[in-house]
Every structure is written in structure tokens, then in C-alpha cells.
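# Understanding the architecture of this molecule
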Amino acid sequence: MQFAALLPVRPVTFLGQVLISAGEAFTGRWQFRLKDLGRITADCSGRAVPIVTVVNVLVGAILAFVGAVQLVKFGAGIYVADLVGIAVAREMAAIITAVVMAGRTGAAFAAELATMQANEEVDALEVLGLSAVNFLVLPRVAALLVMMPLLYIYGCVTGLLGGMVVASGMLNISPAAYLDRTLLALDWSHLGLGFAKSFVFGALIGMVGCYFGLYAQRNAAGVGVATTNAVVTSIVGIIVLDAVFAICANALGI
Amino acid sequence: MTLLAVDGLEMRFGDRLIQTGVSFKVEKGTIFAIMGGSGCGKSTLLKHLVGLLPPAAGNVTYNGVDYWAADDDGQARLRKDFGMLFQSAALWSSMTILENVCMPLEQHTTKTEAEREARAREVLEWVDLGKFADFYPSDLSGGMKKRAGLARAIATEPPLLFLDEPSAGLDPISSKRLDDLVLDIRERTGAAVVFVSHELPSLFAIADDGIFLDADSKHPIAHGSPSALRDSCDHPTVHAFLAREEPPARDTQDGAKPVPSTTMPADDTATP
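Below you will find a few notes about this structure. All figures in this text were calculated on a predicted structure; none of them were measured in a lab.

Helix and strand counts for chain A come out as 10 helices and 0 strands. Each helix and strand of chain A, ordered N terminal to C terminal, gives the series α-α-α-α-α-α-α-α-α-α. In terms of overall dimensions, chain A has a C-alpha envelope of 70 × 40 × 35 Å along the principal axes. Long-range contacts, defined here as pairs at least 24 residues apart, represent 87% of the contacts in chain A between residues at least 6 apart.

See the structure below:
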């Protein structure tokens, strides 16, 4: 009873509604429009590619710079490929892509839903008998759940590319040697861990953005507050979840 | 025939009482006005009536079925019987006007896609928006948005229409056009209309019956058509509202009478 009193009721209720709506959708009882799902998916994927590319290439390059400076001292410059490969696949591609998507797509979800709330569009859905969670939240969460792992894979490729460019320029490591070393260093557990993280981060960003948008105050200031809260909560949540993943991976010996 | 009966409704925001003892009936084919000054709870009452907000106490009955006592399926069945025009029109901004009007048809009827589109275009022609079917809400003026919202509300020909301040923010010509549309809808479909307004021309032009909510006493203080209330109601607040007279003076906490609104208070320190 005392534990129940500590639970944040509204977020837990919202999570329950999303899970119930997802269950209904799996049995064919979705209320959202496929056209909306397509629009949102396009926004989470193709339009996010340029910024995901830039950020991941730079992160890969930065890792390679830092690694190269230290590893060369020990005559182990070639191992910069190991460093970049493992760091990008296990951590950086998933986290950096998630942070970018939290600032871009999570904020957009919060702002759009908060504006709909202020304009009574959410009330209009409910009067019609449509669930706001099913109609508005589900397609957004589904779009991010599908696209985040794909963006993670793309982030891995671009991050490795950034590292390869720096290794090639600073250490004269040929692209073939760099790639060969990277493939030796990486195994499926690294990629699987990053992939699982991106899936969870996608769900987190989608639900947090929609939650703050749906429960925003019905005024212009409410839209700003919802957007800020969505981005801050998502980024903190990503870091916390990443720490949980690190502890679990360590315990499981991954 | 009574379509809507409200009995002993009590409205609260948390612990704060908004209105209590709200009771009225809406008969088929009548236009019923919910009147009152700003902040008296008119729009909140409408939210209780359309199922957006459960009341603190009392019943809202549609065709003899208590809405708030019904289960989810029962409430969904009752919702098919009403259409709603929101104060801001509340058109879904990611959809075209045609898609907006098609949504209730998709949700509440078994029409095919072609039938839904044909019906939506017919309703849009009715409200003079036939040429704007493929526009997005952001491309329309305020009056056009209201008419599009009205088209969405009447698309399924519901027997009961709820309109939240339909004329608010419109110029007198657009406002009269909307009033004429409401009368036309009643004429053609026989629908009952419940509308919230403090626009006097609209109230006198279209309302057959109504209730007046008072923010000070927190309960309804008059019941009847706006013109009858203007001519015969002797409550000073109602008379001041409908006849646009000086409102009754209210005692302040220290017993002094407040400064009349037409008189500027003397302020020696004010700079020009």
C-alpha cells in the first residue's frame, strides 16, 4: 500500500494506456490513420538522416583522435579501429542518435501534441470516441520503435567512417586494414547490445514526448514547457537507461 | 420529446465549486442557450454534457440513458447521437477540411470511402466551403474554420448539436451567417442545439430556451428564452446582461461600494 502511494500515478497510467493500446493494435483494433503513421515515420527517418550523419561521423572522428594520440605512444595505433568500433557499436551510436532524436523528434512530438491540446483538437478526438493514446501516441511510438534501430545501424556505419578517415589521415592506416581490424574487434554481442539500447531509447523518446505533449497546459507557455520537459527528461532517461544497460551487460558478461 | 435532461449537476475544479443545482431539459428541435458572464462555467458545463469531464454530482441523461452511469460501450453509443463545434473549431491540423469532415462518418457510420467523401462534400457545400475541401485548417479564416467545424459536427446528422461560443471572435456578418446556418440545420435535420454564448445578437436571434448561470451565487438564476428573460426577468444580473445595463453593485469586503465601471478612479500619482 505504501509502495503504491509512491508511484507517480499519471505517468504509470499513461504507460498502461500505451501498452493496452499497443495490445489492441496488435489484434487489428488500431484507431490511428496509416497516412499519419507514414508521415510520422518519414519524419523520424529520412528527414533525420542528415543530422544523424553529421553527429555520428564527428563522434567517430573525435574518438579516433583521442584514441590515436594515446595509442601511438605505445606503438599500438592500429588498435584505434578496435576502440572506435567497440565504443561506437556498444555505446556512442545508440546514445548519440537517441540524444539527437530526443532533441529533434521528441521535442516535435511534445510541441505538436501540446498545440493540439491547446487548440482542443484532443478534446475533439475524444468526443468522437477516439482514444488520444491510440490515435496520437501509438503511431509516434511505433514509428520511433521501428526507425531508431535502423538509425542506430546507420549511426554505426557513419561513426566507423569518421574514425576511418581520422585513422587514415593521422596514422596512415589504410581503409582496408582499418576495416579488417574493426571486423576482428566487433562481435555480435556489441551490435546486439547497441541494437537493444536503440529500441528501448526509441520507446522512451516517443512516450516521453507524447506524455508531456498530451498533459501540457492549454496555452502557449504550456507548449514551451512541454517541449523543454520532454527533451530534458528524455536525455536524462537515456543516460540512466544506458547506465542500467552497462550494469546488466557487466553482470551478464557481455 | 426530451432529448437531453440535466438534473442537479454540480461542477467543481478540485475543491473549488463552479456551479451547483444545474437542471434543465432540451426538447427535440429546440435551440437551447447556456448564458452567463465570463468564468461562470458555461464551457465547463458543455464538457460535462459531451462526456469530456465527469461532473462532481448529478445526472446527464440522453433519451432516458444516464451518460455518466453508462459503461464505455454505452457511452460510445450515446456519443454517436451528438456533434460538437468547439470554441476554436478544433479542426485537426494535420488533415484537410474534407478529411476532417470524413472522420465522424468513418467512426460512426458504415459508409464506404466513396460514400463518406460524397457526404462530406455535400455538407461542405451546405456551409459554403465546397471549394475549400482540400485546404488545410491553417489556410482558412476564423469564420471559415467555424463553418468547417460545424460541417464536421453535422456530417452524421446527429439529433443533438453542441456549439461552444460559435460566434465568438467573428465579425457581425460572419456571426449572422453562422446563426443562419444553425437555424437552417435545425430546419433541415430537426436537430436540437445546445449552445454556449454571451453574444447578445446570436442569443436573441436563434435561442428558443435557455439557462442563465451566475458566477457569484454559483447556481442558475434564470431559465427561459433570452428575449423573454430580457423583457420579464427582474434579476438585476440577468437584466444587466441581456439589456446591457449597468451591472448591480456588489458589496466589497469592507462594505464600501465598488467604483462604477464608467468612472475612472482618481489617481494623483498617475503620470500622463
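Even without being a glycine, A:Glu120 presents a positive backbone phi close to 65°. Tracing the sequence through the fold places A:Glu120 in the loop between helix H5 (80-118) and helix H6 (121-127). Of note in the backbone geometry, B:Glu157 takes a positive phi value of approximately 55° without being a glycine. In this fold, B:Glu157 is placed in the loop between helix H5 (142-154) and strand S7 (160-164).

Next up on the list: the packing of H5(A) against helix H9 (residues 188-214) of chain A. Residue and element names in this part refer to chain A. Following both chains from N to C, one finds H5 and H9 inclined at 15°, their axes separated by 8 Å at the closest point. Classified by the angle between their axes, H5 and H9 sit roughly parallel to one another. Crossing hand, H5 versus H9: right-handed. Considered class by class, the residues forming the contact of H5 with H9 number 21 nonpolar, 10 polar and 3 charged.

Bringing the pairing of strand S1 (residues 2-13) of chain B into the picture now. Residues and elements named next belong to chain B. Relative to strand S2 (residues 16-27), S1 runs antiparallel, the two sharing 8 bridges. Each residue of the ladder has a partner; that of valine 6, found in S2, is phenylalanine 24. Hairpin geometry of S1 and S2 is characterised by an intervening segment of 2 residues between the two adjacent antiparallel strands and by a positive phi of about 65° at glycine 14. In this structure, S1 lies alongside strand S4 (residues 57-62), joined through 5 bridges in antiparallel fashion.

A few words on the interface of chain A and chain B. Opposite the 11 residues of chain A that make contact, chain B presents 15 residues. In terms of residues, the side of chain A that touches chain B owes the most to one element, H6(A), which gives 5 residues. The residue makeup of the side of chain A that touches chain B, split by class, is 4 nonpolar, 2 polar and 5 charged.

Conventions adopted
- Within each chain, residue numbers correspond to sequence positions counted from 1 in written order.
- Think of it this way: whatever chain is written first is A, whatever ligand is written first is 1, and the rest follow in order.
- Totals for whole chains, interfaces and linings use all residues, but because this is a predicted model, local features are given only for residues with pLDDT of at least 70 and pairs of side-chain atoms are given and counted only at 80 or more.
- Helix and strand assignments come from DSSP, with helices taken as H or I runs of at least 4 residues and strands as E runs of at least 2, each series counted from the N terminus.
- Residues are defined as contacting one another if the C-beta atoms placed from their backbone atoms lie within 7 Å.
- Every axis corresponds to a line fitted to the C-alpha atoms, with the helix fit spanning only the stretch in contact, and the corresponding angles, defined between N-to-C directions, vary from 0 to 180 degrees.
- Here the angle decides the label: under 35 degrees means roughly parallel, over 145 means roughly antiparallel, 65 to 115 means roughly perpendicular, and every other value means oblique.
- For any helix crossing, the convention is left-handed if the near helix is rotated counterclockwise from the far helix by under a right angle, and right-handed if that rotation is clockwise.
- Side-chain classes are defined by residue name, with Ala, Val, Leu, Ile, Met, Phe, Trp, Tyr, Cys and Pro counting as nonpolar, Asp, Glu, Lys and Arg as charged, and the others, Gly among them, as polar.
- When DSSP finds at least two bridges between two strands, those strands are taken to pair.

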